[in-house]
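The chain contents come next:
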Amino acid sequence: MATAIPYKVSLLNTRYSVLNAMEIIKNWLQRNLKGDPILWAIVILFSIISIAVVYSATGTLAYKKMSGNTEYFLFKHTSLIVVGLAFMWLAHRIDYRYYSRLSLYALLLSVPLLLFTFFLGGTTLNEASRWLTIPVINQTFQPSDLAKLALIAHVASMLSRRQQNVQDFRTTLLPVMLWVGLICGIIIMSNASTALLLFGTCLLLMFLGRVPLKQMAVMVAIGAVVGGIGLSTGQRLKTVQSRLESFTDKSKPVPFQLEHSYIAIATGGITGKGPGQSTERNILPHPYSDFIYAVIIEEYGMIGGVVVLFLYLAFLYRGLKTVMNSYGAFGGLLSAGLSFSLVLQAMVNMGVAVGLGPITGLPLPLLSMGGTSLIFTGISIGIILSVSRGEREVRPMTGEPADTMRIPKKTAYA
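Rules and cut-offs
- Residues numbered from 1 in each chain as written.
- Predicted model: local features only at pLDDT ≥ 70, side-chain atom pairs only at ≥ 80, totals over all residues.
- Heavy atoms only, no water.
- UniProt positions renumbered as here; feature names shortened; annotations may be inferred.
- Helix = DSSP H or I, 4+ residues; strand = E, 2+ residues; numbered from the N terminus.
- Contact = heavy atoms within 4.5 Å.
- Areas by Shrake-Rupley, 256 points an atom, 1.4 Å probe, with all protein chains shown as cover.
- Axes fitted to C-alpha atoms, helices over the stretch in contact; angles between N-to-C directions.
- Parallel < 35°, antiparallel > 145°, perpendicular 65-115°, else oblique.
- Left-handed = near helix turned anticlockwise from the far one by under 90°.
- Nonpolar A, V, L, I, M, F, W, Y, C, P; charged D, E, K, R; others polar.
- Salt bridge = Lys/Arg side-chain N within 4 Å of Asp/Glu carboxyl O.
- Buried < 20%, exposed > 50% of the residue type's maximum accessible area, 1.4 Å probe, protein only.
- Phe/Tyr/Trp six-rings, centres within 6.5 Å; stacked < 30°, edge-to-face > 60°.
- Expected span 1.5 Å × (residues − 1).
- Polar contact = N/O pair within 3.5 Å; in protein donor to acceptor, adjacent residues only side chain to side chain.

Under an unreviewed UniProt entry, the name given to the protein is Probable peptidoglycan glycosyltransferase FtsW, and the source organism is Hymenobacter fastidiosus. Entered under Sequence similarities (unreviewed entry) in the UniProt record, the comment concerning the protein runs "Belongs to the SEDS family. FtsW subfamily." In the Subcellular location (unreviewed entry) part of its UniProt record, the protein is described as follows: "Membrane".

Here it is in C-alpha coordinates:
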(Lines give C-alpha, C1' and ligand atoms only; values in the text may rest on other atoms or scores of the structure.)
Protein backbone atom coordinates (compact mmCIF):
# COMPACT_ATOMS: atom_id res chain seq x y z
CA MET A 1 0.00 0.00 0.00
CA ALA A 2 2.90 2.31 0.77
CA THR A 3 4.33 1.93 -2.73
CA ALA A 4 0.97 2.59 -4.39
CA ILE A 5 0.80 6.22 -3.22
CA PRO A 6 4.12 7.33 -4.80
CA TYR A 7 3.08 5.55 -8.01
CA LYS A 8 -0.22 7.49 -8.10
CA VAL A 9 1.64 10.74 -7.39
CA SER A 10 4.08 9.98 -10.21
CA LEU A 11 1.21 9.20 -12.57
CA LEU A 12 -0.53 12.46 -11.67
CA ASN A 13 2.70 14.40 -12.23
CA THR A 14 3.11 12.75 -15.65
CA ARG A 15 -0.46 13.64 -16.65
CA TYR A 16 0.05 17.19 -15.43
CA SER A 17 3.27 17.50 -17.45
CA VAL A 18 1.55 16.20 -20.59
CA LEU A 19 -1.39 18.55 -20.17
CA ASN A 20 0.96 21.44 -19.47
CA ALA A 21 3.00 20.65 -22.59
CA MET A 22 -0.19 20.42 -24.68
CA GLU A 23 -1.33 23.78 -23.34
CA ILE A 24 2.03 25.35 -24.19
CA ILE A 25 1.85 23.94 -27.74
CA LYS A 26 -1.76 25.14 -28.11
CA ASN A 27 -0.84 28.67 -27.01
CA TRP A 28 2.16 28.71 -29.37
CA LEU A 29 0.01 27.61 -32.30
CA GLN A 30 -2.60 30.27 -31.51
CA ARG A 31 0.07 32.97 -31.38
CA ASN A 32 1.96 31.96 -34.51
CA LEU A 33 -0.51 30.22 -36.85
CA LYS A 34 -3.19 32.73 -37.73
CA GLY A 35 -6.07 32.32 -40.11
CA ASP A 36 -8.29 29.32 -40.79
CA PRO A 37 -7.11 26.40 -38.58
CA ILE A 38 -8.89 23.84 -40.77
CA LEU A 39 -6.99 25.12 -43.80
CA TRP A 40 -3.75 24.73 -41.87
CA ALA A 41 -4.72 21.14 -40.98
CA ILE A 42 -5.55 20.31 -44.62
CA VAL A 43 -2.20 21.62 -45.85
CA ILE A 44 -0.22 19.73 -43.19
CA LEU A 45 -2.13 16.53 -44.01
CA PHE A 46 -1.36 17.03 -47.70
CA SER A 47 2.32 17.47 -46.83
CA ILE A 48 2.44 14.18 -44.91
CA ILE A 49 0.70 12.31 -47.75
CA SER A 50 3.04 13.90 -50.29
CA ILE A 51 6.19 12.79 -48.44
CA ALA A 52 4.94 9.19 -48.24
CA VAL A 53 3.78 8.94 -51.86
CA VAL A 54 6.75 10.74 -53.42
CA TYR A 55 9.14 8.50 -51.47
CA SER A 56 7.42 5.47 -52.95
CA ALA A 57 7.15 6.91 -56.49
CA THR A 58 10.81 7.96 -56.71
CA GLY A 59 12.34 4.65 -55.68
CA THR A 60 13.22 3.57 -59.22
CA LEU A 61 14.44 7.03 -60.21
CA ALA A 62 16.70 7.23 -57.16
CA TYR A 63 18.09 3.76 -57.80
CA LYS A 64 19.01 4.64 -61.39
CA LYS A 65 20.31 8.17 -60.90
CA MET A 66 21.65 8.11 -57.36
CA SER A 67 23.43 4.75 -57.37
CA GLY A 68 20.88 3.06 -55.17
CA ASN A 69 20.44 5.93 -52.68
CA THR A 70 16.65 5.60 -52.48
CA GLU A 71 16.42 8.18 -49.66
CA TYR A 72 17.89 11.01 -51.75
CA PHE A 73 14.56 12.28 -53.13
CA LEU A 74 12.86 11.65 -49.80
CA PHE A 75 15.15 14.10 -48.01
CA LYS A 76 15.13 16.55 -50.92
CA HIS A 77 11.35 16.60 -51.22
CA THR A 78 10.87 16.82 -47.45
CA SER A 79 13.24 19.78 -47.22
CA LEU A 80 11.40 21.55 -50.05
CA ILE A 81 8.07 20.98 -48.31
CA VAL A 82 9.50 22.49 -45.12
CA VAL A 83 10.74 25.49 -47.11
CA GLY A 84 7.31 25.80 -48.76
CA LEU A 85 5.61 25.74 -45.36
CA ALA A 86 8.05 28.40 -44.13
CA PHE A 87 7.15 30.67 -47.05
CA MET A 88 3.48 29.99 -46.38
CA TRP A 89 3.95 31.07 -42.76
CA LEU A 90 5.78 34.24 -43.83
CA ALA A 91 3.12 35.07 -46.45
CA HIS A 92 0.25 34.63 -44.00
CA ARG A 93 1.86 37.05 -41.52
CA ILE A 94 1.76 39.89 -44.08
CA ASP A 95 -1.29 42.11 -44.49
CA TYR A 96 -2.84 40.85 -47.72
CA ARG A 97 -3.37 44.44 -48.95
CA TYR A 98 0.36 44.70 -49.60
CA TYR A 99 0.04 42.04 -52.30
CA SER A 100 -2.05 44.47 -54.33
CA ARG A 101 1.00 46.73 -54.64
CA LEU A 102 3.51 43.92 -55.08
CA SER A 103 1.54 42.22 -57.86
CA LEU A 104 2.41 44.86 -60.47
CA TYR A 105 6.15 44.65 -59.74
CA ALA A 106 5.97 40.84 -59.85
CA LEU A 107 4.27 41.02 -63.25
CA LEU A 108 6.88 43.42 -64.60
CA LEU A 109 9.57 40.99 -63.44
CA SER A 110 7.84 37.87 -64.81
CA VAL A 111 7.46 39.18 -68.38
CA PRO A 112 11.21 39.35 -69.21
CA LEU A 113 11.77 36.04 -67.39
CA LEU A 114 9.09 34.34 -69.51
CA LEU A 115 10.48 35.84 -72.72
CA PHE A 116 14.04 34.87 -71.79
CA THR A 117 12.98 31.30 -71.05
CA PHE A 118 11.18 30.91 -74.36
CA PHE A 119 13.41 32.77 -76.82
CA LEU A 120 16.86 32.20 -75.33
CA GLY A 121 16.19 28.72 -74.05
CA GLY A 122 15.69 27.54 -70.53
CA THR A 123 16.61 24.37 -68.71
CA THR A 124 14.95 21.30 -70.22
CA LEU A 125 13.16 19.05 -67.72
CA ASN A 126 10.60 16.35 -68.40
CA GLU A 127 10.98 16.91 -72.15
CA ALA A 128 10.01 20.60 -71.90
CA SER A 129 12.00 23.82 -71.74
CA ARG A 130 10.03 25.87 -69.20
CA TRP A 131 12.59 26.34 -66.45
CA LEU A 132 15.45 28.64 -65.53
CA THR A 133 18.30 27.49 -63.33
CA ILE A 134 19.02 29.83 -60.43
CA PRO A 135 22.78 30.39 -60.09
CA VAL A 136 24.67 29.48 -56.91
CA ILE A 137 21.91 27.26 -55.45
CA ASN A 138 21.54 25.39 -58.78
CA GLN A 139 17.76 25.09 -58.34
CA THR A 140 15.34 25.16 -61.28
CA PHE A 141 12.68 27.85 -61.36
CA GLN A 142 9.58 28.02 -63.56
CA PRO A 143 8.79 31.68 -64.40
CA SER A 144 5.16 30.79 -65.16
CA ASP A 145 4.66 30.05 -61.42
CA LEU A 146 5.59 33.63 -60.57
CA ALA A 147 3.54 35.01 -63.48
CA LYS A 148 0.47 32.99 -62.48
CA LEU A 149 0.51 34.19 -58.88
CA ALA A 150 1.22 37.80 -59.91
CA LEU A 151 -1.50 37.90 -62.58
CA ILE A 152 -4.22 36.53 -60.30
CA ALA A 153 -3.31 39.07 -57.59
CA HIS A 154 -3.16 41.96 -60.09
CA VAL A 155 -6.46 41.10 -61.78
CA ALA A 156 -8.08 40.93 -58.32
CA SER A 157 -6.54 44.31 -57.51
CA MET A 158 -7.69 45.95 -60.76
CA LEU A 159 -11.24 44.63 -60.43
CA SER A 160 -11.54 45.65 -56.77
CA ARG A 161 -10.42 49.22 -57.51
CA ARG A 162 -12.89 49.51 -60.41
CA GLN A 163 -16.03 48.16 -58.78
CA GLN A 164 -17.86 51.46 -59.23
CA ASN A 165 -16.97 51.55 -62.95
CA VAL A 166 -16.99 47.82 -63.59
CA GLN A 167 -19.16 48.13 -66.72
CA ASP A 168 -16.87 50.67 -68.38
CA PHE A 169 -14.98 48.87 -71.15
CA ARG A 170 -12.08 51.32 -71.36
CA THR A 171 -11.37 51.69 -67.65
CA THR A 172 -12.10 48.13 -66.51
CA LEU A 173 -11.93 45.48 -69.21
CA LEU A 174 -9.17 46.97 -71.35
CA PRO A 175 -6.44 47.01 -68.64
CA VAL A 176 -7.44 43.52 -67.49
CA MET A 177 -7.51 42.24 -71.07
CA LEU A 178 -4.06 43.64 -71.86
CA TRP A 179 -2.39 42.00 -68.86
CA VAL A 180 -4.23 38.68 -69.21
CA GLY A 181 -3.56 38.56 -72.95
CA LEU A 182 0.13 39.40 -72.52
CA ILE A 183 0.89 36.88 -69.76
CA CYS A 184 -1.26 34.03 -71.07
CA GLY A 185 -0.06 34.69 -74.63
CA ILE A 186 3.58 34.29 -73.60
CA ILE A 187 2.95 31.24 -71.40
CA ILE A 188 0.93 29.40 -74.05
CA MET A 189 3.93 29.33 -76.40
CA SER A 190 5.63 26.80 -74.12
CA ASN A 191 2.90 25.57 -71.75
CA ALA A 192 -0.60 25.50 -73.20
CA SER A 193 -2.33 23.79 -70.26
CA THR A 194 -1.04 26.29 -67.69
CA ALA A 195 -2.04 29.22 -69.90
CA LEU A 196 -5.57 27.86 -70.42
CA LEU A 197 -6.10 27.24 -66.71
CA LEU A 198 -4.79 30.70 -65.86
CA PHE A 199 -7.06 32.27 -68.48
CA GLY A 200 -10.04 30.37 -67.05
CA THR A 201 -9.19 31.55 -63.53
CA CYS A 202 -9.05 35.16 -64.72
CA LEU A 203 -12.46 34.76 -66.38
CA LEU A 204 -13.82 33.44 -63.09
CA LEU A 205 -12.42 36.47 -61.27
CA MET A 206 -14.08 38.76 -63.80
CA PHE A 207 -17.39 36.98 -63.26
CA LEU A 208 -17.08 37.33 -59.48
CA GLY A 209 -16.01 40.95 -60.00
CA ARG A 210 -19.35 41.67 -61.74
CA VAL A 211 -17.89 42.25 -65.21
CA PRO A 212 -20.78 42.08 -67.74
CA LEU A 213 -21.07 38.83 -69.70
CA LYS A 214 -20.87 40.70 -73.01
CA GLN A 215 -17.46 42.04 -72.11
CA MET A 216 -16.36 38.60 -70.96
CA ALA A 217 -17.45 37.20 -74.34
CA VAL A 218 -15.20 39.76 -76.02
CA MET A 219 -12.41 38.63 -73.73
CA VAL A 220 -12.94 34.98 -74.72
CA ALA A 221 -12.92 35.84 -78.45
CA ILE A 222 -9.71 37.84 -78.19
CA GLY A 223 -8.21 35.12 -75.98
CA ALA A 224 -8.93 32.50 -78.64
CA VAL A 225 -7.11 34.58 -81.27
CA VAL A 226 -4.13 35.29 -79.02
CA GLY A 227 -4.01 31.66 -77.95
CA GLY A 228 -3.99 30.44 -81.55
CA ILE A 229 -1.16 32.82 -82.42
CA GLY A 230 0.77 31.76 -79.32
CA LEU A 231 0.41 28.07 -80.11
CA SER A 232 1.52 28.59 -83.69
CA THR A 233 4.49 30.72 -82.62
CA GLY A 234 5.53 28.18 -80.03
CA GLN A 235 5.12 25.32 -82.50
CA ARG A 236 2.97 23.46 -79.97
CA LEU A 237 -0.20 23.39 -82.04
CA LYS A 238 0.56 19.91 -83.42
CA THR A 239 1.27 18.59 -79.93
CA VAL A 240 -2.02 19.94 -78.58
CA GLN A 241 -3.94 18.60 -81.59
CA SER A 242 -2.40 15.13 -81.25
CA ARG A 243 -3.27 14.99 -77.54
CA LEU A 244 -6.86 16.03 -78.22
CA GLU A 245 -7.18 13.50 -81.05
CA SER A 246 -5.80 10.67 -78.89
CA PHE A 247 -8.41 11.55 -76.26
CA THR A 248 -11.42 11.98 -78.56
CA ASP A 249 -10.66 9.36 -81.24
CA LYS A 250 -11.32 6.01 -79.55
CA SER A 251 -10.10 4.10 -82.62
CA LYS A 252 -6.53 5.19 -81.89
CA PRO A 253 -4.44 3.27 -79.36
CA VAL A 254 -4.33 4.62 -75.81
CA PRO A 255 -1.12 6.61 -75.12
CA PHE A 256 1.54 4.74 -73.16
CA GLN A 257 1.19 6.95 -70.07
CA LEU A 258 -2.58 6.59 -69.88
CA GLU A 259 -2.47 2.85 -70.48
CA HIS A 260 -0.28 2.26 -67.45
CA SER A 261 -2.20 4.83 -65.43
CA TYR A 262 -5.36 2.79 -66.08
CA ILE A 263 -3.52 -0.40 -65.06
CA ALA A 264 -2.38 1.22 -61.80
CA ILE A 265 -5.91 2.37 -60.99
CA ALA A 266 -7.52 -0.96 -61.96
CA THR A 267 -5.12 -3.04 -59.88
CA GLY A 268 -5.45 -0.76 -56.86
CA GLY A 269 -8.98 -1.94 -56.14
CA ILE A 270 -10.82 -0.68 -53.08
CA THR A 271 -8.08 -0.72 -50.47
CA GLY A 272 -4.93 -0.71 -52.65
CA LYS A 273 -1.77 -2.80 -52.62
CA GLY A 274 -0.31 -1.00 -49.62
CA PRO A 275 2.28 1.78 -49.14
CA GLY A 276 5.37 1.28 -51.30
CA GLN A 277 3.87 -1.68 -53.16
CA SER A 278 3.17 0.03 -56.51
CA THR A 279 4.45 -1.80 -59.59
CA GLU A 280 3.43 0.76 -62.21
CA ARG A 281 5.72 3.37 -60.63
CA ASN A 282 8.54 1.48 -62.36
CA ILE A 283 6.87 1.87 -65.77
CA LEU A 284 4.88 5.13 -65.68
CA PRO A 285 6.69 8.23 -66.98
CA HIS A 286 6.97 10.78 -64.15
CA PRO A 287 4.98 8.82 -61.54
CA TYR A 288 6.11 11.33 -58.91
CA SER A 289 4.53 14.36 -60.65
CA ASP A 290 2.14 14.08 -63.62
CA PHE A 291 0.69 10.67 -62.71
CA ILE A 292 1.14 10.60 -58.96
CA TYR A 293 -2.64 10.24 -58.49
CA ALA A 294 -2.52 6.87 -60.28
CA VAL A 295 0.20 5.72 -57.87
CA ILE A 296 -1.90 6.90 -54.92
CA ILE A 297 -4.88 4.82 -56.07
CA GLU A 298 -2.68 1.79 -56.80
CA GLU A 299 -1.17 1.85 -53.31
CA TYR A 300 -4.12 3.15 -51.26
CA GLY A 301 -7.02 2.08 -53.45
CA MET A 302 -10.22 3.88 -54.26
CA ILE A 303 -10.46 4.87 -50.60
CA GLY A 304 -7.16 6.77 -50.84
CA GLY A 305 -8.21 8.42 -54.11
CA VAL A 306 -11.52 9.57 -52.60
CA VAL A 307 -9.77 10.91 -49.49
CA VAL A 308 -7.42 13.01 -51.65
CA LEU A 309 -10.37 14.28 -53.72
CA PHE A 310 -12.26 15.15 -50.54
CA LEU A 311 -9.26 17.10 -49.19
CA TYR A 312 -9.12 19.23 -52.33
CA LEU A 313 -12.86 19.91 -52.14
CA ALA A 314 -12.47 20.79 -48.46
CA PHE A 315 -9.62 23.14 -49.39
CA LEU A 316 -11.87 24.83 -51.96
CA TYR A 317 -14.70 25.11 -49.46
CA ARG A 318 -12.48 26.76 -46.85
CA GLY A 319 -11.10 29.10 -49.50
CA LEU A 320 -14.63 30.13 -50.52
CA LYS A 321 -15.60 30.51 -46.87
CA THR A 322 -12.73 32.98 -46.61
CA VAL A 323 -14.23 34.85 -49.57
CA MET A 324 -17.62 35.03 -47.84
CA ASN A 325 -16.07 36.36 -44.62
CA SER A 326 -13.89 38.95 -46.36
CA TYR A 327 -14.77 42.60 -45.79
CA GLY A 328 -12.97 43.89 -48.88
CA ALA A 329 -13.44 43.17 -52.57
CA PHE A 330 -9.71 42.65 -53.09
CA GLY A 331 -9.41 40.06 -50.32
CA GLY A 332 -12.40 38.12 -51.57
CA LEU A 333 -11.30 38.10 -55.21
CA LEU A 334 -7.72 37.25 -54.27
CA SER A 335 -8.72 34.29 -52.10
CA ALA A 336 -11.19 33.04 -54.72
CA GLY A 337 -8.67 33.26 -57.56
CA LEU A 338 -5.88 31.46 -55.70
CA SER A 339 -8.21 28.77 -54.31
CA PHE A 340 -9.76 28.01 -57.68
CA SER A 341 -6.38 28.04 -59.40
CA LEU A 342 -4.92 25.36 -57.12
CA VAL A 343 -8.02 23.15 -56.99
CA LEU A 344 -8.76 23.45 -60.71
CA GLN A 345 -5.22 22.29 -61.51
CA ALA A 346 -5.69 19.37 -59.12
CA MET A 347 -8.96 18.38 -60.79
CA VAL A 348 -7.36 18.48 -64.22
CA ASN A 349 -4.44 16.33 -63.07
CA MET A 350 -6.73 13.75 -61.46
CA GLY A 351 -9.04 13.82 -64.47
CA VAL A 352 -6.13 13.00 -66.78
CA ALA A 353 -5.06 10.07 -64.58
CA VAL A 354 -8.53 8.48 -64.71
CA GLY A 355 -9.11 9.21 -68.41
CA LEU A 356 -11.47 12.19 -68.16
CA GLY A 357 -9.22 14.55 -70.12
CA PRO A 358 -6.26 14.72 -72.50
CA ILE A 359 -2.70 14.59 -71.18
CA THR A 360 -1.61 18.02 -69.95
CA GLY A 361 1.67 17.56 -68.08
CA LEU A 362 0.39 19.48 -65.06
CA PRO A 363 1.58 18.26 -61.64
CA LEU A 364 -0.77 17.62 -58.73
CA PRO A 365 -0.43 20.66 -56.42
CA LEU A 366 0.52 19.96 -52.80
CA LEU A 367 1.30 16.31 -53.62
CA SER A 368 3.63 16.05 -56.63
CA MET A 369 7.37 16.31 -56.25
CA GLY A 370 8.54 19.76 -57.24
CA GLY A 371 11.12 22.45 -56.72
CA THR A 372 10.28 26.12 -56.46
CA SER A 373 6.68 25.29 -57.43
CA LEU A 374 6.21 24.12 -53.83
CA ILE A 375 7.38 27.54 -52.66
CA PHE A 376 4.91 29.41 -54.88
CA THR A 377 2.14 27.04 -53.79
CA GLY A 378 3.05 27.80 -50.18
CA ILE A 379 2.97 31.55 -50.87
CA SER A 380 -0.45 31.22 -52.53
CA ILE A 381 -1.90 29.37 -49.56
CA GLY A 382 -0.24 31.83 -47.18
CA ILE A 383 -2.02 34.69 -48.94
CA ILE A 384 -5.36 32.87 -48.58
CA LEU A 385 -4.62 32.44 -44.87
CA SER A 386 -3.73 36.12 -44.62
CA VAL A 387 -7.15 37.02 -46.02
CA SER A 388 -8.82 34.56 -43.64
CA ARG A 389 -7.32 36.33 -40.63
CA GLY A 390 -10.06 38.91 -41.05
CA GLU A 391 -10.19 42.67 -40.74
CA ARG A 392 -10.17 42.55 -36.93
CA GLU A 393 -6.73 40.91 -36.81
CA VAL A 394 -5.01 42.54 -39.79
CA ARG A 395 -3.66 46.02 -39.18
CA PRO A 396 -4.43 48.39 -42.07
CA MET A 397 -1.59 50.11 -43.86
CA THR A 398 -2.43 53.37 -42.10
CA GLY A 399 -1.42 51.85 -38.75
CA GLU A 400 -4.86 52.53 -37.21
CA PRO A 401 -6.69 49.81 -35.28
CA ALA A 402 -8.56 47.49 -37.61
CA ASP A 403 -11.96 48.07 -35.94
CA THR A 404 -11.88 51.79 -36.80
CA MET A 405 -11.35 50.94 -40.47
CA ARG A 406 -14.08 48.32 -40.70
CA ILE A 407 -16.47 48.75 -43.64
CA PRO A 408 -19.84 47.02 -44.09
CA LYS A 409 -19.69 44.08 -46.50
CA LYS A 410 -22.16 45.53 -49.00
CA THR A 411 -20.09 48.65 -49.65
CA ALA A 412 -16.59 47.26 -49.09
CA TYR A 413 -13.93 47.87 -51.70
CA ALA A 414 -10.26 47.04 -51.33
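Describing the overall build of the protein
Secondary structure assignment for the protein yields 14 helices and 3 strands. When contacts within the protein are restricted to residue pairs at least 6 apart in sequence, long-range pairs at least 24 apart make up 73% of them. A total accessible area of about 20,700 Å² is found for the protein, and carbon and sulfur atoms account for 67% of it.

A closer look at the packing of helix H7 (residues 169-187) against helix H8 (residues 192-208)
For any two helices packed against each other, the geometry is given by the interaxial angle and the distance between the axes. The contact between H7 and H8 brings their axes to 8 Å, and the two run at 165°. Overall, the two elements H7 and H8 adopt an arrangement that is roughly antiparallel. Between H7 and H8 lies a crossing of right-handed hand. Facing H7, whose interface residues are Leu 173, Val 176, Val 180, Ile 183, Cys 184 and Ile 187, H8 presents Thr 194, Ala 195, Leu 198, Phe 199, Cys 202 and Met 206. Of the residues assigned to the contact of H7 with H8, the class counts are 11 nonpolar, 1 polar and no charged.

Comments concerning the pattern of salt bridges
All told, the structure shown has 3 salt bridges when counted by the stated rule. Notably, a salt bridge pairs Asp 95 with Arg 97, separated by 3.2 Å at the nearest N-O pair. The exposure class assigned to Asp 95 is buried, which follows from its relative accessible area of 7%. Residue classification places Arg 97 among the partly exposed positions, given a relative accessible area of 22%.

Notes on the UniProt feature "transmembrane region" (unreviewed entry) in the protein
If you check UniProt for "transmembrane region" (unreviewed entry), the listed places come out as residues 38-57, 72-90, 102-122, 176-209, 216-234, 291-315, 327-346 and 366-387 in our numbering. For the annotated span residues 72-90, helix accounts for 100% and strand for 0% of the residues, and the straight-line distance between the end C-alpha atoms is 27 Å. With 96% helix and 0% strand, residues 291-315 has its two end C-alpha atoms placed 21 Å apart.

Let's talk about the packing of aromatic side chains
Aromatic ring pairs are defined here through the distance separating the ring centres and the angle between the ring planes. The full count for this structure, using the stated rule, is 3 aromatic pairs. Ring centres of Phe 46 and Tyr 312 lie 4.6 Å apart, and the angle between their planes is 40°; this geometry places the pair in the tilted category. Taken together, the positions of Phe 46 in helix H2 (residues 37-57) and Tyr 312 in helix H12 (residues 292-325) put the pair 266 residues apart, joining distant regions of the chain. For Tyr 312, a relative accessible area of 1% gives the class buried. Ring plane angle 25° and centroid distance 6.2 Å describe the contact between Tyr 96 and Phe 330, whose orientation is recorded as stacked. One end of the pair, Tyr 96, is in the loop between helix H4 (72-92) and helix H5 (98-119); the other, Phe 330, is in helix H13 (residues 329-353), and 234 residues separate them in sequence. Assessed through its relative accessible area of 1%, Phe 330 is described here as buried.

A short note on unusual backbone geometry
For residues that are not glycine, phi is negative in most cases, and the peptide bond is trans in most cases. Phi at Arg 210 takes a positive value of approximately 70°, unusual for a residue other than glycine. For Arg 210, the position within the fold is in the loop between H8 and helix H9 (213-233). Overall, Arg 210 belongs to the partly exposed group, its relative accessible area being 45%. In the Ramachandran plot, Leu 366 falls in the positive-phi region, its phi being about 75° despite a non-glycine side chain. Inspection of the secondary structure puts Leu 366 in the loop between H13 and helix H14 (372-388). We classify Leu 366 as buried; its relative accessible area is 14%.

Overview of the side chain of Ser 289
Mapped onto the fold, Ser 289 is located in the loop between helix H11 (256-268) and H12. Residue contacts for Ser 289: discarding those within four places in its chain leaves Asn 349, Pro 363, Leu 364, Ser 368 and Met 369.

Remarks on H8
Taking 1.5 Å of rise per residue, 17 residues should cover 24 Å, and H8 covers 24 Å from first to last C-alpha, within 8% of that figure. For H8, the buried fraction is high: 12 of the 17 residues fall into the buried class. Taken together, the buried positions of H8 are occupied by Ala 192, Ser 193, Thr 194, Ala 195, Leu 197, Leu 198, Phe 199, Thr 201, Cys 202, Leu 203, Leu 205 and Met 206. Two residues or fewer after H8 comes Arg 210, characterised by a positive phi angle close to 70°.

Some details on the environment of Arg 281
For Arg 281, the position within the fold is in the loop between H11 and H12. Between the C-alpha atoms of Arg 281 and Gly 59, which are 222 residues apart in sequence, the distance is 8.4 Å. When sequence neighbours within four positions are dropped, the list of residues in contact with Arg 281 reads Ser 56, Ala 57, Thr 60, Gly 276, Pro 287, Glu 298 and Glu 299. Reaching out from Arg 281, the side chain makes a polar contact with the backbone oxygen of Ser 56 at a distance of 2.8 Å.

Quick look at the environment of Pro 365
Tracing the backbone through its elements, the reader meets Pro 365 in the loop between H13 and H14. In sequence terms Pro 365 and Asn 349 are 16 residues apart; their C-alpha atoms lie 8.9 Å from each other.

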